[in-house]
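# Close look at the chain arrangement
Given next are the chains, with one letter for each unit.
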Amino acid sequence: MSRFSIAIHGGAGTLVKGMMTPELESKYRRDLKAALDKGYAVLAEGGSATDAVEVAVQILENSPLFNAGKGAVFTATETHEMDASIMDGKTLNAGGVSLITGIKNPVSLARDVMEKSEHVFLAGEGAMQFAKELDYKLEDASYFYDEFRHQQWLDIKDTDSFQLDHSTKKDSKFGTVGAVACDQDGNIAAATSTGGMTNKKWGRVGDSPMIGAGNYANNKTCAISCTGSGEFFIRGVVAYDVACLMEHKGMSVEDASNEVIHKRILDIGGDGGLIAVDTKGNIAMPFNTEGMYRGQKSSDGIDEVAIYG
Ligand code: ASP
């Protein structure tokens, strides 16, 4: 049995002083810890990294605090369009969905794309048709309604701007969620889920459901889940870039992750962070923003949840 570990994130961004009350902070910590513990329990029982990341992301999707699932942000037309992906580093199988609505746990639909279709990426109406054929229950809009999110949207709805859930000046909420894990057999996996950006339009899709950009896993190198300004993470092919630095330059997961977040993505103007794990259970969680909701737990005793830098 090798060392096993899991890391999660609930988005990276700017924290405006005064917005985060002690009560709110303890709610964030509670939900992050619940996701971390549940994912870790899967690993401790000998479960796969893929099962662990799916379960951890489901818990974060079920929390209204994060911009994924229940807490997804509003689009320009006052709807919710969610994106998610999952990848298994042992087989390189992957699944992604984007522009889906009414699905409680987008990460599970992404996993079904990976396991029950011949495809990797389904979007919009087609993805919804796929969900229907698998008898997914559709939640109505009220399940996804959150007063804070609605106000965020009302503030910019008549403008052309769209914004990161976590970068608006008035916002104390970060967003997108993700998990990476290394199981007892040394297999790794990554999952990411998001509501995208507030007031997004024209079917905008970010990095989160794109394999290689916001999410990637390969037993040769590492498993990664990203958060931040998606347009830059797509251009930087960030998740794959970390894996490439490890594979082709022989860098450690920590050095490769730092190089991408503190240099390569910054150089092209991107802000955000990522979580990564290698097949020895080593974890890296760099971010170039003020904070990133995050947590890590491993079989050698690491167990922590953190928000600020
Ligand atoms: N990366 C996500 C997107 O651009 C947003 C986030 O991480 O909060 O859709």
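The structure this text deals with has already been given above.
Predicted model, so just to flag it, every value in this text is computed and none were measured. (Residues numbered from 1 in each chain as written. Predicted model: local features only at pLDDT ≥ 70, side-chain atom pairs only at ≥ 80, totals over all residues. Heavy atoms only, no water.)

## Focus: the sheet that holds strand 3 (residues 94-100)
Backbone hydrogen bonds are what pair the strands of a sheet, in a parallel or an antiparallel way. Judged by pairing direction, the sheet is mixed, and its eight strands sit side by side in the order 4-3-2-7-6-1-13-14 without closing on themselves. The sheet is open, and its two borders are formed by strand 4 (121-123) and strand 14 (303-308), each paired with just one other strand. Within the sheet, the average angular offset between the axes of one strand and its neighbour, ignoring direction, is 5 degrees. In the packing of helix 3 (residues 106-116) onto the sheet, the strands contacted are strand 2 (82-88), strand 3, strand 4 and strand 7 (188-194), and the crossing angle to strand 3 comes to about 130 degrees. (Pairing = 2+ DSSP bridges. Helix = DSSP H or I, 4+ residues; strand = E, 2+ residues; numbered from the N terminus. Axes fitted to C-alpha atoms, helices over the stretch in contact; angles between N-to-C directions. Contact = heavy atoms within 4.5 Å.)

## With respect to the site of the ligand
Close contacts around the ligand come from 11 residues, with Thr176, Arg204, Asp207, Thr227 and Gly228 the closest. In the environment of the ligand, a nitrogen atom lies 2.6 Å from a nitrogen or oxygen atom belonging to the side chain of aspartate 207. Within the backbone of glycine 228, an N or O atom sits 2.7 Å from a nitrogen atom of the ligand. Contact with the protein chains hides 100% of the accessible area of the ligand, taken as 270 Å² for the molecule alone. Of the residues assigned to the shell around the ligand, the class counts are one nonpolar, eight polar and two charged. (Near = heavy atom within 4 Å. Polar contact = N/O pair within 3.5 Å; in protein donor to acceptor, adjacent residues only side chain to side chain. Areas by Shrake-Rupley, 256 points an atom, 1.4 Å probe, with all protein chains shown as cover. Nonpolar A, V, L, I, M, F, W, Y, C, P; charged D, E, K, R; others polar.)

## Focus: the pairing of strand 11 (residues 272-278)
With seven of seven residues buried, strand 11 lies mostly within the body of the structure. Neither face of strand 11 is left uncovered, since the one carrying Gly272, Leu274, Ala276 and Asp278 and the one carrying Gly273, Ile275 and Val277 both have all their residues buried. Bridge count for strand 10 (residues 222-228) against strand 11 is seven bridges, and the pairing is antiparallel. Counted as the bridge partner of cysteine 226 is leucine 274 from strand 11. The pairing of strand 11 with strand 12 (residues 283-284) spans two bridges and is classified as antiparallel. Residue pairing for strand 12: alanine 276 is matched across the bridge by alanine 284. In this structure, the hairpin formed by strand 11 and strand 12 is closed by a connection of four residues, where glycine 281 is found at a positive phi of approximately 85 degrees. (Buried < 20%, exposed > 50% of the residue type's maximum accessible area, 1.4 Å probe, protein only.)

## Remarks on the environment of histidine 262
Its place among the elements puts histidine 262 in helix 9 (residues 253-267). Look at histidine 262 and you get partly exposed, because its relative accessible area is 41%. The contacts of histidine 262, once residues within four sequence positions are left out, are Pro286, Phe287 and Asn288.

## Digging into helix 4 (residues 124-133)
Residues Gly124, Ala127, Met128, Phe130 and Ala131 constitute the buried set of helix 4. The buried residues of helix 4 occupy an angular sector of 155 degrees when projected down its axis, which confines them to one face. Facing away from the buried side of helix 4 by more than 90 degrees, the exposed set consists of Glu125, Lys132 and Glu133. Each element contacted by the buried residues of helix 4 is listed here: strand 3, helix 3 and strand 4. Remark: aspartate 135 follows helix 4 within two positions and exhibits a positive phi of approximately 65 degrees. (Arc of directions from axis to C-beta.)

In short, the description is geometric, and any link to function would need to be established separately.
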